[in-house]
Amino acid sequence: MLFNTLQFWVFFAVVLGLYYVLPHRWQNRMLLAASYIFYAAWDYRFVSLILISTTVDFYVGKILDQTSDQRRRKAILFWSILFNLGFLGFFKYYGFFAHNLQHLLHVAGFQASIHTLNIVLPVGISFYTFQSMSYTLDIYRREMKPTSSFMDFALTVAFFPHMVAGPIQRAHSLIDQVAQPRKPTRDNFSEGFYLIIWGLFKKIVVADNMALIANPIFANDGHFTAGRVFGGALAFAFQIYGDFSGYTDIARGTALLMGFRLMVNFNLPYFATNPQDFWRRWHISLSTWLRDYLYISLGGNRRGEVRTYWNLLITMVFGGLWHGAAWTFVLWGVYHGLLLCAHRAMAGLIPETPFGVSRAGQLLWRWLRIGFMFGLTLYGWLIFRCHSAGQLWVMTRAVFSFSIGAGTIATTIKILCYCSLLLMVQLYQFRKNNLNALRESPTLIQTGFYLACFYLILIIGAFDAQSFIYFQF
Amino acid sequence: MRNLLSIFSSKHRDPFAAVILFALIVVGVETILGLLPDPKWRGAFVRTLSLPPRSPDVQVMGDSVALEGVVLPTLSTELPGHPFVWTLAKSATGPEFTYFMLQRELAAGLAPKAIVYAPAPHTFGTDRIPLLVGGFCTWPEIWEVARSGKAPMDVLYGIFCKLSFTLRNREPLGEMLRGKKAGQTLNAVSMKEVSAGLRPEMHFVAEQIPAVFKNDFSVKPFPKTFFEKFLTLAQERHIPVYWLTPPIVPAIGETRQACHFDQHLIPFLEDIHQRDGVQILQAESMVYQDYLFKDFMHLNQEGADKFTKFMADKLAPALPQTSGTIKAP
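Presented here is an overview of the structure given in this document.

Rules behind the numbers
Residues numbered from 1 in each chain as written. Chains lettered and ligands numbered in written order. Predicted model: local features only at pLDDT ≥ 70, side-chain atom pairs only at ≥ 80, totals over all residues. Heavy atoms only, no water. Buried < 20%, exposed > 50% of the residue type's maximum accessible area, 1.4 Å probe, protein only. Helix = DSSP H or I, 4+ residues; strand = E, 2+ residues; numbered from the N terminus. Pairing = 2+ DSSP bridges. Contact = heavy atoms within 4.5 Å. Buried area = accessible area lost by both parts, 1.4 Å probe. Salt bridge = Lys/Arg side-chain N within 4 Å of Asp/Glu carboxyl O. Polar contact = N/O pair within 3.5 Å; in protein donor to acceptor, adjacent residues only side chain to side chain. Nonpolar A, V, L, I, M, F, W, Y, C, P; charged D, E, K, R; others polar. Disulfide = S-S within 2.5 Å. Phe/Tyr/Trp six-rings, centres within 6.5 Å; stacked < 30°, edge-to-face > 60°. Lys NZ or Arg CZ within 6 Å of the ring centre and 35° of its normal. 1 Å grid on protein atoms, 1.4 Å probe; cavity = no way out; pocket = protein on both sides within 12 Å on 5 of 7 lines; lining within 4 Å. Points joined across faces, edges and corners; volume = space filled by probe spheres on them. Axes fitted to C-alpha atoms, helices over the stretch in contact; angles between N-to-C directions. Parallel < 35°, antiparallel > 145°, perpendicular 65-115°, else oblique. Left-handed = near helix turned anticlockwise from the far one by under 90°. Core = buried A, V, L, I, M, F, W, Y, C linked by side-chain atoms within 4.5 Å.

### Looking at the pairing of strand S4 (residues 241-244) of chain B
Residues and elements named next belong to chain B.
- Taking every second residue as pointing to the same face, both faces of S4 are buried, with Val241 and Trp243 on one and Tyr242 and Leu244 on the other.
- For strand S3 (residues 115-117) and S4, the ladder comprises 3 bridges, and the chain directions are parallel. In the strand pairing of S4, Val116 is matched with Tyr242.

### Concerning the interface of chain A and chain B
- Each partner contributes to the interface: chain A provides 29 residues, whereas chain B provides 29 residues.
- Between chain A and chain B, a total of about 2,600 Å² is buried, with carbon and sulfur atoms accounting for 73% of that surface.
- When residues of chain A are sorted by the area they lose upon contact with chain B, Leu6, Thr443 and Ile459 of chain A head the list and together hold 22% of the total.
- Our enumeration of links across chain A and chain B arrives at 1 salt bridge.
- With its nearest N and O atoms 2.9 Å apart, the salt bridge here joins Arg186 of chain A to Asp14 of chain B.
- Counting across the chain A and chain B interface gives 7 residue pairs in polar contact (both at pLDDT 80 or more).
- When contributions to the side of chain A that touches chain B are tallied by element, the ones reaching two or more residues are helix H1 (6-21), helix H9 (186-219) and helix H19 (443-460) of chain A.
- Counting residues per element, the side of chain A that touches chain B draws most heavily on H19 of chain A, at 13 residues.
- Split into classes, the residues belonging to the side of chain A that touches chain B amount to 18 nonpolar, 8 polar and 3 charged.

### Overview of the environment of Ser148 of chain A
- You can see Ser148 of chain A is positioned in the loop between helix H5 (125-140) and helix H6 (150-158).
- If near-sequence neighbours (up to four positions away) are discounted, Ser148 of chain A is found in contact with Phe58 and Lys62 of chain A.

### Digging into the pairing of strand S1 (residues 58-61) of chain B
All names here are of chain B.
- The side-chain alternation of S1 yields two buried faces, one formed by Val58 and Val60 and the other by Gln59 and Met61.
- Two elements, S1 and strand S2 (residues 85-87), share 3 bridges in a ladder whose sense is parallel. Within S2, the residue paired with Val60 across the bridge is Thr87.
- Two strands pair when backbone bridges link them, and S1 and S3 are joined in this way by 3 bridges, in the parallel orientation. Note on S3: the bridge partner recorded for Gln59 is Ile115.

### What about the state of the cysteines?
Residues and elements named next belong to chain A.
- Using the criterion set out here, one finds 0 disulfides over all chains in the structure.
- Among the cysteines around Cys386, which has no disulfide bond, Cys419 carries the closest sulfur, lying 20 Å off.
- Classification of Cys386 as buried rests on a relative accessible area of 3%.

### Quick notes on the packing of aromatic side chains
- Per the stated rule, a full pass over the model turns up 81 aromatic pairs over all chains.
- Seen from their ring centres, Tyr270 of chain A and Trp282 of chain A are 6.2 Å apart, and the 25° between their planes marks the pair as stacked. Of the two residues, Tyr270 of chain A sits in the loop between helix H10 (226-257) and helix H11 (275-281) while Trp282 of chain A sits in the loop between H11 and helix H12 (284-295), which places them 12 residues apart along the sequence.
- With a centroid separation of 5.3 Å and an interplanar angle of 90°, the aromatic rings of Trp381 of chain A and Phe384 of chain A are classed as edge-to-face. You can see Trp381 of chain A and its partner Phe384 of chain A sitting in helix H15 (residues 359-385), 3 residues apart, about one turn around the helix. As far as the burial class goes, Trp381 of chain A and Phe384 of chain A line up, both buried.
- Against the face of Phe84 of chain B rests Arg54 of chain B, its NZ or CZ located 4.2 Å from the ring centre.
- Positioned above the aromatic ring of Trp139 of chain B, the side-chain terminus of Lys162 of chain B is 5.9 Å from the ring centre.

### Re empty space enclosed by the protein
- Counted according to the given criterion, the structure contains 2 cavities of 30 Å³ or more.
- The space that makes up the largest cavity amounts to roughly 40 Å³.
- As for the largest cavity, its lining consists of Leu231, Ala234, Gln235, Ile239, Val241, Arg275, Asp276, Gly277 and Val278 of chain B.
- In terms of residue class, the lining of the largest cavity is made up of 5 nonpolar, 2 polar and 2 charged.
- Taken as a whole, the second largest cavity spans an internal volume of roughly 30 Å³.
- Around the second largest cavity, the lining residues are Phe127, Tyr128, Gln131, Val157, His162, Met163, Gly166, Pro167 and Ile168 of chain A.
- Elements represented by at least two residues in the lining of the second largest cavity include exactly H5 and helix H7 (160-163) of chain A.
- Counting residues per element, the lining of the second largest cavity draws most heavily on H5 of chain A, which supplies 3 residues.
- For the lining of the second largest cavity, the residue count by class is 6 nonpolar, 3 polar and no charged.

### Some details on the packing of helix H5 (residues 95-107) of chain B against helix H12 (residues 221-236) of chain B
All names here are of chain B.
- For the pair H5 and H12, the least separation of the axes is 7 Å and the interaxial angle reads 30°. In terms of orientation, H5 and H12 fall into the roughly parallel class. The two elements H5 and H12 cross, and the hand of that crossing is left-handed. Note on element contacts: H12 touches H5 through Phe222, Pro223, Phe226, Phe227, Lys229, Phe230, Leu233 and Ala234, opposite Pro95, Glu96, Thr98, Tyr99, Phe100, Leu102, Gln103 and Leu106.
- Counted by class, the contact of H5 with H12 contains 12 nonpolar, 2 polar and 2 charged residues.

### Some points on the nonpolar core
Residues and elements named next belong to chain A.
- Of all hydrophobic cores here, the largest spans 146 residues; its most connected members are Leu31, Met258 and Trp381.
- Ranked by the residues each element gives to this core, the list is headed by H10, at 16 residues.
- For Met258, the residues in contact, after removing those within four places along its chain, are Phe12, Val15, Leu16, Tyr19, Leu31, Phe159, Phe160, Pro161 and Arg182.

### Here we look at the pattern of salt bridges
Residue and element names in this part refer to chain A.
- This model, assessed by the stated rule, comprises 21 salt bridges over all chains.
- Residues Arg142 and Asp65 are paired through a salt bridge, measuring 3.7 Å at the closest nitrogen-oxygen approach. You can see Arg142 sitting in the loop between H5 and H6 and its partner Asp65 sitting in helix H3 (residues 47-66), a full 77 residues away along the chain.
- You can call Arg142 partly exposed: its relative accessible area is 45%.
- Here Arg261 and Glu191 are joined by a salt bridge, their closest N and O atoms 3.1 Å apart. Here Glu191 lies in helix H9 and Arg261 lies in the loop between H10 and H11, a separation of 70 residues in the sequence.
- When salt bridges with common partners are traced through the structure, they connect Asp187, Glu191, Arg261 and Arg439 into a single cluster.

### Focus on unusual backbone geometry
All names here are of chain A.
- Its identity is not glycine, yet Leu268 carries a phi of approximately 50°, on the positive side.
- Here Leu268 lies in the loop between H10 and H11.
- Positioned with a positive phi, His283 is a non-glycine residue whose angle comes to about 40°.
- Mapped onto the secondary structure, His283 falls in the loop between H11 and H12.
- Exposure remark for His283: the relative accessible area of 0% places this residue in the buried category.

Set out below in structure tokens:
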């Protein structure tokens with residue numbers, strides 16, 4: 001059941017209707033049932049996986065809270081993480097590792113036959129596993145108390161707006177909202193509506209039309225020009241942003257209509273001025289999860305400079321691998337890890353105001369950095385999107401041929417036309433340094449924005465209900 | 001009133017009011033546009049029906065293959081007694097449209113004496129529910145579609161299309177917004193089709209066969225339900241139905257063989273043949289040379305003449321006694 005299908009909106013209308021007539025406890029029960037139905041619409045067999053993961057983490061949380069012996073607590077946490085990552089690893093990475101191990105043994109001269117299974121990847125397994133793990137990790141760190149209600153915890157994990165593609169909500173923030181009665185407000189309604197229509201616009205108009213440009217370029221293994229590679233990377237940059245941030249907006253919007261506030265997951269990422277800034281703006285829920293639970297656990301920047309670089313690299317490789325079982329994702333993680341390391345190493349060498357302290361000088365320097373970082377991000381998306389290291393090599397070589405090729409300008413103009421409203425709105429938000437800037441503008445401008453979004457969705461939206469990219473992760 | 005007008009002030013910043021205003025404008029705009037007739041550049045979405053002036057002796061039904069493959073004056077001339085021949089074949093339609101067309105015709109007291117049904121078989125493997133509901137059906141007919149219980153989301157989307165001018169015309173509007181002339185994309189196909197066809201030495205290339213013709217023959221539940229209803233309706237009124245399998249180009253024939261198309265089509269036709277009042281006149285694939293076609297599926301003038309004469313030869317002994325004059329729509 002995709003957010004960009006009529007089926008979902010009929011489902012949501014029924015859920016919302018029931019939600020508003022039920023008392024608080026029954027709201028939660030109904031939402032839990034609706035969330036499992038939502039998930040079962042993909043594959044009912046995997047509802048059991050969520051249930052098992054939820055049950056284990058609920059009881060592990062209780063035991064961790066009641067145990068004072070630190071060594072025992074550590075052991076319990078270890079087994080809990082192993083259990084969660086074991087599930088994730090089996091479904092997501094078994095085939096990848098088995099295939100690569102077999103290849104490695106073959107290169108070493110051994111004839112090994114490792115049984116590979118045709119395992120179906122449960123939708124959103126990485127999201128709900130991380131979500132569920134954050135609960136036990138926070139209890140282990142004594143940052144929160146476990147909930148006494150299994151129902152509340154189950155709803156926290158399975159809450160349908162964020163279950164399959166995030167944001168990866170911190171357990172304590174959502175459990176508190178589940179436990180407390182929620183009141184519908186005018187502000188929640190208008191913000192929810194804004195997020196839904198903007199999210200649908202990003203998905204249906206931007207992402208799905210960009211897919212029509214990017215897919216044929218990446219499907220080709222033959223001749224590339226620098227212009228064609230640039231066109232493909234640019235289209236994919238907007239596709240993946242529109243797709244994922246669109247999903248998050250719709251998730252946040254639907255949750256808001258029910259009184260839940262999910263965290264912001266994207267904060268104008270293509271306006272980042274450096275790699276660190278990018279990861280503070282892109283997939284914030286994952287980057288903060290990795291920072292809090294992996295980078296800091298590894299020692300963060302507290303164990304010397306060399307160890308800090310190592311920790312950054314490990315964290316980003318893990319982040320890359322989180323996206324999928326393929327070497328291109330590992331490479332993408334390494335690339336971003338290296339960018340973060342390079343930025344850290346050069347932080348003191350880069351002047352703060354090379355063009356003077358005047359407003360124009362500062363503005364020029366800022367936009368130069370944004371442009372440079374966007375270029376680095378584009379190359380990152382090339383790594384991410386290529387279906388093999390071979391294709392990446394061919395495309396990278398094409399970039400350095402500096403040949404524009406026929407149709408490059410037309411493709412770029414087409415991309416910019418489809419993304420014009422997105423760019424205008426984001427420039428406005430960036431200038432005001434406020435993601436809610438549009439909702440604070442005059443009523444008529446907001447109305448015009450809704451009308452533009454709505455009619456563009458109806459008229460040039462791609463209506464073939466393409467799946468969201470991040471579902472596969 | 002002053003409160004209401006304050007919405008036009010740049011100082012008025014109420015997000016809730018903006019949502020309400022937006023909803024009111026959309027409802028207002030769509031209602032006003034909905035009252036207007038669909039424009040000429042509406043594209044292929046809206047299907048209209050031209051009922052015959054009187055009961056036809058022979059009526060051709062089906063999709064564009066039947067529309068373009070049967071030459072009405074030729075058919076009438078070739079049949080004994082020169083019967084009154086009419087066509088209710090429509091481009092990009094399927095069996096579900098055929099049922100409602102016959103139903104409307106019967107309601108108008110214009111029952112045909114015989115029906116020649118010549119659809120492209122792939123129309124049974126595709127759904128056109130939003131088009132049917134949004135661009136063809138009346139409200140009672142929509143209720144009948146909804147009651148069938150098939151594809152409720154498509155029916156709902158079709159209802160939205162029926163209510164919304166913008167949804168109904170999204171293709172030509174989208175073309176205009178993309179800087180193309182309305183109907184350009186649709187016409188690009190038809191312009192190609194208008195050409196006389198290939199020269200005898202030219203051939204259609206198998207690699208260019210559209211994906212829809214590469215699929216095995218299948219029958220989706222929705223077209224099946226309404227095809228059954230169509231046959232039942234004809235049977236109740238004692239109208240004989242003659243199913244004619246349209247000719248195909250050699251490349252399509254080879255593709256069909258590879259995907260076992262005929263192995264599944266023939267049992268389906270045999271099953272229909274068991275029914276009272278239905279006669280299959282050409283069950284096996286008939287392959288014509290490429291130069292008789294405009295494209296992979298549609299016959300050109302020469303091909304249509306040849307097919308119509310073939311059809312008349314097959315029909316003549318089977319048809320009930322007919323008489324009348326020719327009337328093309």
